[in-house]
Each structure stands twice: as C-alpha cells, then as structure tokens.
Amino acid sequence: MISYLIRRTGLSLVIVALVIVALFLMIHLIPGDPVSIALGPRATPEAEARFIEKMKLDQPIYVQLAAFFGNLLTGDLGRDIFTDRPVLDLVLAQLPNTVILAVASLGWAIVIGIPLGCFSAAHPNSAADRITGILSVGTIAVPSFVVSIYALLLLAIELRWFPVIGINDEPGLWAQLRFLTLPAFAVGLGWVGYLARIVRASMLEVLSENHVRAATAFGLPRRKILYNYALRVAILPTITLIGVGFGGLLSGAVFAEIIFTRPGLGKLIFDMVEARNFPVVQGAVLTTALLYVFALLATDVLAAFFDPRMRQKLS
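If you're wondering where the values come from, they're calculated on a predicted model, not measured in any experiment.

Parameters at a glance
- Residues numbered from 1 in each chain as written.
- Predicted model: local features only at pLDDT ≥ 70, side-chain atom pairs only at ≥ 80, totals over all residues.
- Heavy atoms only, no water.
- 1 Å grid on protein atoms, 1.4 Å probe; cavity = no way out; pocket = protein on both sides within 12 Å on 5 of 7 lines; lining within 4 Å.
- Points joined across faces, edges and corners; volume = space filled by probe spheres on them.
- Salt bridge = Lys/Arg side-chain N within 4 Å of Asp/Glu carboxyl O.
- Helix = DSSP H or I, 4+ residues; strand = E, 2+ residues; numbered from the N terminus.
- Buried < 20%, exposed > 50% of the residue type's maximum accessible area, 1.4 Å probe, protein only.
- Nonpolar A, V, L, I, M, F, W, Y, C, P; charged D, E, K, R; others polar.
- Domains from an automatic or database assignment.

**What about empty space enclosed by the protein?**
Part 1: Taken as a whole and judged by the stated rule, the model has two cavities of 30 Å³ or more.
Part 2: Phe162, Pro163, Val164, Ile165, Gly166, Arg178, Phe179, Leu182, Pro183 and Phe260 together form the lining of the largest cavity.

**A word on the pattern of salt bridges**
Part 1: Considering all chains together, one arrives at three salt bridges under this definition.
Part 2: A salt bridge links Arg200 to Asp129; its shortest N-O distance comes to 2.8 Å. With Arg200 in helix H8 (residues 173-207) and Asp129 in helix H6 (residues 127-141), the pair connects residues that are 71 residues apart, well separated along the chain. Neither Arg200 nor Asp129 differs from the other in exposure class; each is buried.
Part 3: In this structure, the salt-bridge partner of Asp271 is Lys267, at a minimum N-O distance of 3.0 Å. Taken together, the residues span about one helical turn, with Asp271 and Lys267 both in helix H12 (residues 265-274) at a distance of four residues.

**Some thoughts on the layout of surface pockets**
Part 1: Considering only enclosed or pocket space, the second largest pocket measures out at about 270 Å³ in volume.
Part 2: The element contributing the most residues to the lining of the second largest pocket is helix H5 (residues 87-122), with four residues.
Part 3: A per-class count over the lining of the second largest pocket returns 12 nonpolar, two polar and no charged.
Part 4: Built from parts of two domains, the lining of the second largest pocket gets at least three residues from each of domain 1 (1-74) and domain 2 (94-311).

**Looking at unusual backbone geometry**
Part 1: In this structure, Asn125 takes a positive phi of about 65 degrees despite not being glycine.
Part 2: Assignment of secondary structure puts Asn125 in the loop between H5 and H6.
Part 3: For Asn125, a relative accessible area of 57% gives the class exposed.
Part 4: Here Arg160, not a glycine, exhibits a phi torsion of approximately 60 degrees, which is positive.
Part 5: Within the secondary structure layout, Arg160 lies in the loop between helix H7 (144-158) and H8.

**Examining the domain arrangement of the protein chain**
Part 1: For the protein chain, the assigned domains are domain 1 (1-74) and domain 2 (94-311).
Part 2: On a C-alpha basis, the centroid separation for the pair domain 1 and domain 2 is 32 Å.

Here is the structure:
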C-alpha cells in the first residue's frame, strides 16, 4: 500500500507540473504582448515594470518558467492588478465557501442516491425500479442552472422558505443552512441520479457473482447479503465517481454561485474574466486544478485500500 501511495503521489505531481506548464504557456501562445495579456489594458506602467521584473520576461523562456515554478513553490500566485492584494489571499477567502457547497451538494446526493441504487438493484425490473430509473434519468437530464432558477423562483420568491441570494455572515448552523440549502439542492440533484444509476448497475453485476450466490444458498438474510457482501464491492466505482464529482464541483458550481450570488471560486473566476484580471484568473484556475488532482489522488488511494487489484495494476 505504501508503494502504491508513493507511485500515485508521483503521478499526481507530474500532472500538477504539466498543468503549471500549460498555464505558463498560455500567456506566450496567445498572440500579442505577454504583459498586456497577463495584466490587461488597465495596468499601470509601474505594475507592468514590476511584472516584467518578477516574471523575468526579459530573460529566455526557460528562465521565465523556472521563475514561475519558484514563485508557486513559495505560495506566490501573483497580485491583483487593481487592488494589489496577493492572489493567494483572494483565493483562500473564497475557497471555504466553494468547499462547503461541494460537500453539502454531494453529501445529500450520496445519502439519497446510494440507497436508491441499492433499492433498485434489490428489486430489478419491478414498477418501483422503473419509476426510480425515470426519476434518476430525469434528474441527470435537467441542467443545474435550470434547477437553480426554478428553485429560486418557487422556494425563495414564491413560497419565501429560503433566502433569495447571498451568504449569511452571522454565526450559527441554522443560519448558514438556510442560505446553503437551495444552492446545494440545485447542484446535488443531478448527482442523485448519477449515483443511483451507477450503484444499481454495479450491484446487479456483483449480485450475479459466485460468492453472492453462495451466501444466498447458505440462507443468509437478504439485507446482510446486499449491504455486507454486494455493496462493499459495488461501491468502488461509486467512490471514483464521487472523487471526480467533488473535484469538478470545486470549479463547476459556477452557475449556482452566480445565480444565488454566493461567493466562491467559480464566481471569482467569472468576475475576474469579465474584468480581464488575468493574475487572479490564473491563480484561481491553478488552485482548482490542484484541488482536483488532490481529490482524484484521495479517491484512488481510498479505492485501492478496498480493492488490492488497483494497487497491482499501478505496480
């Protein structure tokens, strides 16, 4: 397991290095002056001079790349060209809101989607299975921004059950939950369908294997066979899907953050793209990429812990 962890961590570091190189090359591949592209048309001459000196743009490109890596290793993601604040501070100020939204969205989807998939697998081709299938595919087909708009109009404006927009700065779990419920519902609804369908498919495959048939032949209770023998094996693809989904939500919840005017990394990137504030966009994109790679690493390690065959494949 330690050997697998070392190899998988090394692979993740290679991916991170490639992402950093790609972000670095973006400035140079776009036609035009790299300084104007990076800082935008409203940058002052002093800011341009500081950027040229810091990024060593008057040096060969390999020196610039080495300086870019050196700055990132010290936690220097650049500075906001309008406020001169460190980009790292801006990103860290928004990151908790996005993480909370992603955890809440996937959390309630897991609580409902996995039992729903188990129920469908336990009653294949029944009326309840067909209804569950229709509902699952329906939730997958509806885009999250459409769910966000209708949830906002119905539950917040018409019924006034939840706040319309924003985030509550007051302490207290209930106050936070009132502002979090609608965005988490809109983002997580599609994942209920995804998880239910993949758990159902995995469970049906596992239920046909010999060790489950043997447990059934020995007269073990149906519930024990489902949850102790079948689900333990069938949950492995679901773990991978949850890891990919969590990584994607760190940057993919932008629609919910914009519609509900909720601060987060997605909204930060959207606002900074409109303002052509490239250093902040670059820092936020790099942060989401790092978190995505870390989420995939944690998922693979967790899956390998439950399934030794994955450790053998990489070794």
